[in-house]
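One letter stands for each residue in the lines below.
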Amino acid sequence: MKIIDYSDRDHYKTQAFQTPFHERAAAFNQKHCWGRWKDYITANTYYDTATEYFAARNACSVFDLTPMTKHRISGPDALDFMNRLVTREVGKIKPGRVGYTVWCNDAGQVIDDGTIFHLEEGVYRLCSQEPQIDWLMTSAIGFDVDIVDETHDVAGLAFQGPTTCAVLKLMGLEGIENLTPFGIAKFDLDGFELTVSRTGYTGDLGYELWVAPEHALTLWDRLFEAGALHGIRPIGSEALEILRIEAGFILAGVDFLPANEAVRPGRTRSPYELGLGWLVHLDKPYFTGKRALIKEKENGSRYVFAKLNIEGNKPAHQSFIFDKRQKFAGTVTSAAWSPSAKVNIALATLEAPHGKPGDQLLAEIYYQRELKWSRVMAPCTVVEGVFWDPPRKRETPPPDF
Amino acid sequence: MTDQNKAPNAGKVVIIGAGHNGLVCAAYLAKAGFEVNILEARHEVGGAAASHEFAPGYRVSSTGHLLYRLDEQVIKDLDLASHGLEMAASDLPTVALGSEGRHLKIHDDRITGEDVSREDRNAFMAYRERMLRFARIISGLDDKIPPRIASGERADNIGLGRLAWSIRRLGKKDMREFLRIAGINIYDVLEERFENELLKGALSLDGVLGTHLGPRSNNSVFTALHRLGGSVNGKQGAVAIPRGGMGAVSEALVKAVEALGVSILTGAEVGHVEIENGKATGATLVTGEIMPADYVISCADPKTTFLKLIGPRQLDAGMVRKVSNVRQKGNAAKLHLALDGLPKFTGLEAAQAGHRLVVAPDLEYVERAFNHVKYGEHSAHPVMEITIPSVHDASLAPEGKHVLSAIVQYAPYGPGSDSAGFEAQVMETLARYAPGIREQVVASELLTPNHFEDRFGNIGGHWHHAELALDQFLMLRPVAGAAQYAAPVDGLYLCGAGCHPGGGVSGQAGRNVAQLISGLDK
């Protein structure tokens, strides 16, 4: 089953597609609350955001991530191509492993971040927020590679939370408990292939489950059957937003502007400016943006990516950040009240040299009570590390339930 | 960059390609104390600025046959006259060949010929004066490193300011006219001014020679201005024929560089530039031999330099895309005829046979000639710029014999360049003006862009390496980010017709690069 059948000459009349899980997701979606994600509609929320959030943190949650952009890269030069494309050493991502990375334009500005799945020797899947085919084809000049956009050919569910491993065991995935973080394993489920990666966007124990679209509903049914007594719930993008901020994960278009979409100079960010310097391997052979990044490393960055712990409980959405002398220091890009950490958190882009751990700053927060707007200058602290980081995220085998 | 007061052996330089720019660059660098080695893939030096014997005893310029922008400072600095460079003829008039011998002669700002009205003559005087003035703006930065836009650097702002000031200084009326026409097509500009079809056709040829443009293509005014920017013997807009053909320029340059201790290695094809930790450390020959250097200078065309010599793997993807999209497909072919006597052009006096003769009878004709090449075909009725250099230089042909050298457009690059079929059509066109010429032909040769690519190694066989157009000029030549001669790889420099200030035998790119490297421009 192809989700988008381009041979159908009327395909363009479809404004947005339903994912292969839609039939089941719709049955759960009590609020009929859908949002647009790239070519698809997916649930913003099914019941209410808090219920969904706590399913992910205390039990297990299912998020339909089919619309995520996926490209398959293969061919004789696949590894060289990947290494020239992204900032990290791809040769260290062995077959059956996943690596998080960013890729940059010539000026060393981040185009997008994503994960590289080394599916089998020399065959990679690049998962990203934004469609990348144009940049991948540009990067392919001079390389013998095949690049296929397989976004619509692979259905995916993010299955996240402390009981996930137990549920997958119940589902019959033998040995799943031995899968280490960023590992990939393949299973036979009712005669079709299920690919499981121990990856996610919640900063917790969790897996991502990948199948051909025609097996999507079977996967959903088997998963919910196995998870019935382990608190399984579908969750929408609103809950995921809180989960990923707690985990300190950035989002393209929110925490940074994808460099290929920027019009105005100075609006983009380098990996260093997004706190992702650890992904930049300047000692590997040339990659796009390397010269610019070497220069930036020598001359210093303009911005610092910071995680903020803000006093009070009013989320600092889009707040301006000031230093103690009330001078502008930056802006908040993502904010949430963290139900698990019980703190008011935010991700921010600050002007260097602000943003060192322990820096004391002020967040200008506007809030409304019964249509009355007020403003508070809330003291905040730059923190190191993420707000949610349970040991089970790293443990193999993970704790059982 | 090294400082100005250096001792000899300021550094080791390897220059890839012994074209005229490479030779000029070598000479200046050797003078500045650098140890210079030139690597030339072919067994002849001079690149496209060459002469060759195409039939026993008959020699011609291999590509361009008229000198119109060889930098006079280069001639002086390198003392090319004492190294044998001399003009067989300079300040050649142009004859626009008309039907039934009704030709026009164009010299400086004067037109002679029966069919030209007084209005056209007057309009031409004004046109010529204005075009020369506008051309000086275009050529004003020829000896400078192109300024970058929005770099924030003082030197760039000064360069941009100088360019803006040179335009503003034209005065309100002329500035407006310059800005109006600089980017548009020569068809419209000529139609606004002149009545005579033959005159318009001949003038339009200046805007399309050597390019992938028709008179109705935008940029054709710009290319005409580029051509008018140079000067010969201090006279702007003049054209000359070097004694011995264009190869004589290279021969003089070779003598100059050899006197300065430069070594030229021929038959030394470079496979790639050696790059270590983002810095060019030398050039590696296809034989595997590495020629180490502190500075590597590539005179190859942009695509060869970036995509072959550096290679996409050492470059940013965006840069590779930009270079891949540089337009550098040539359309100019070259006809060489060995003749057993001076050809007789209808209505042309024998004394005029040595002039620059053009076949471009009207604007529509030129535009139609261009149509074919858009679809990969050669022109059914081509346009031509013809010289018979043996009129001025007896050494080019046996006694009493002559050579005819014609730039013929348009010939496609790539499949479809069937030179045999094209040659018949070219001869037919020629015979329309010189009816007996076919019987005089002893030997002939028609070189197409594909031949030029094979012979000189420039991808696309374009005379200017890369199309001359406003979007591939100044700070955009060959592409933004590499237009200041420095390649994205440290220690590697571009130097050829594909960079500022473009093609034509000028030597300016070579001189500019040498000054950049030796710091003389500070």
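As a reminder, the structure under discussion sits directly above these lines.
Rules used throughout
- Residues numbered from 1 in each chain as written.
- Chains lettered and ligands numbered in written order.
- Predicted model: local features only at pLDDT ≥ 70, side-chain atom pairs only at ≥ 80, totals over all residues.
- Heavy atoms only, no water.
- Pairing = 2+ DSSP bridges.
- Helix = DSSP H or I, 4+ residues; strand = E, 2+ residues; numbered from the N terminus.
- Axes fitted to C-alpha atoms, helices over the stretch in contact; angles between N-to-C directions.
- Contact = heavy atoms within 4.5 Å.
- Parallel < 35°, antiparallel > 145°, perpendicular 65-115°, else oblique.
- Nonpolar A, V, L, I, M, F, W, Y, C, P; charged D, E, K, R; others polar.
- Buried area = accessible area lost by both parts, 1.4 Å probe.
- Salt bridge = Lys/Arg side-chain N within 4 Å of Asp/Glu carboxyl O.
- Polar contact = N/O pair within 3.5 Å; in protein donor to acceptor, adjacent residues only side chain to side chain.
- Buried < 20%, exposed > 50% of the residue type's maximum accessible area, 1.4 Å probe, protein only.
- Phe/Tyr/Trp six-rings, centres within 6.5 Å; stacked < 30°, edge-to-face > 60°.

Caption draft 1: Summary view of the sheet that holds strand β2 (residues 35-39) of chain B. All names here are of chain B. Taken in spatial order, the five strands line up as β12-β2-β1-β16-β22 in an open sheet, and their pairing is parallel. This sheet does not close on itself; its edge strands, each paired only once, are β12 (263-265) and β22 (492-494). Ignoring which end each strand starts from, the neighbouring axes of this sheet average 20° apart. Seen against the sheet, helix α1 (residues 20-31) touches β1 (12-16), β2, β12 and β16 (295-298) and runs at an angle of roughly 165° to β2. On top of the sheet, helix α16 (residues 508-518) reaches β16 and β22; it is set at about 155° to β22, its chief contact.

Caption draft 2: Structural detail: the packing of helix α3 (residues 118-138) of chain B against helix α8 (residues 220-228) of chain B. All names here are of chain B. Following both chains from N to C, one finds α3 and α8 inclined at 85°, their axes separated by 8 Å at the closest point. Relative to α8, α3 is oriented roughly perpendicular. Judged by residue contacts, R128, M131, L132, F134, A135 and I138 of α3 engage V221, F222, A224, L225, H226 and L228 from α8. Looking at the contact of α3 with α8 residue by residue, the classes come out as ten nonpolar, one polar and one charged.

Caption draft 3: The arrangement of the interface of chain B and chain A in detail. The interface of chain B with chain A comprises 14 residues on the first partner and 17 residues on the second. Buried surface at the junction of chain B and chain A, summed over both partners, amounts to about 1,300 Å²; 44% is from carbon and sulfur atoms. Applying the counting criterion to the chain B and chain A interface returns three salt bridges. A salt bridge links R321(B) to D134(A), with the shortest nitrogen-to-oxygen separation between them at 3.3 Å. Our count for the contact surface shared by chain B and chain A stands at 13 residue pairs in polar contact (both at pLDDT 80 or more).

Caption draft 4: Focus on the environment of G156(A). Residues and elements named next belong to chain A. Tracing the backbone shows G156 in strand β10 (residues 155-160). Classification of G156 as buried rests on a relative accessible area of 0%. Not counting chain neighbours up to four residues away, the residues in contact with G156 comprise F21, F63, D64, L65, T66, L209 and W210.

Caption draft 5: Summary view of the environment of D188(B). Relative to the assigned elements, D188(B) resides in helix α6 (residues 186-193). Placed 27 residues apart in sequence, D188(B) and P215(B) show a C-alpha to C-alpha distance of 8.4 Å.

Caption draft 6: Up close: the packing of aromatic side chains. On inspection of all chains with the given rule, the structure shows 26 aromatic pairs over all chains. For the ring pair F34(B) and Y295(B), a centre distance of 5.8 Å and an interplane angle of 80° mean the geometry is edge-to-face. Taken together, the positions of F34(B) in the loop between α1 and β2 and Y295(B) in strand β16 put the pair 261 residues apart, joining distant regions of the chain. Each member of the pair, F34(B) as well as Y295(B), is classed as buried. Judged by centre distance (6.3 Å) and plane angle (45°), the rings of Y295(B) and Y493(B) are tilted. Taken together, the residues span a long stretch of sequence, with Y295(B) in strand β16 and Y493(B) in strand β22 at a distance of 198 residues. Per residue, the accessibility class of Y295(B) equals that of Y493(B), and both read buried. Each residue in the set F21(A), F28(A), W220(A) and F224(A) is aromatic and connected to the rest through ring pairs, giving one cluster.

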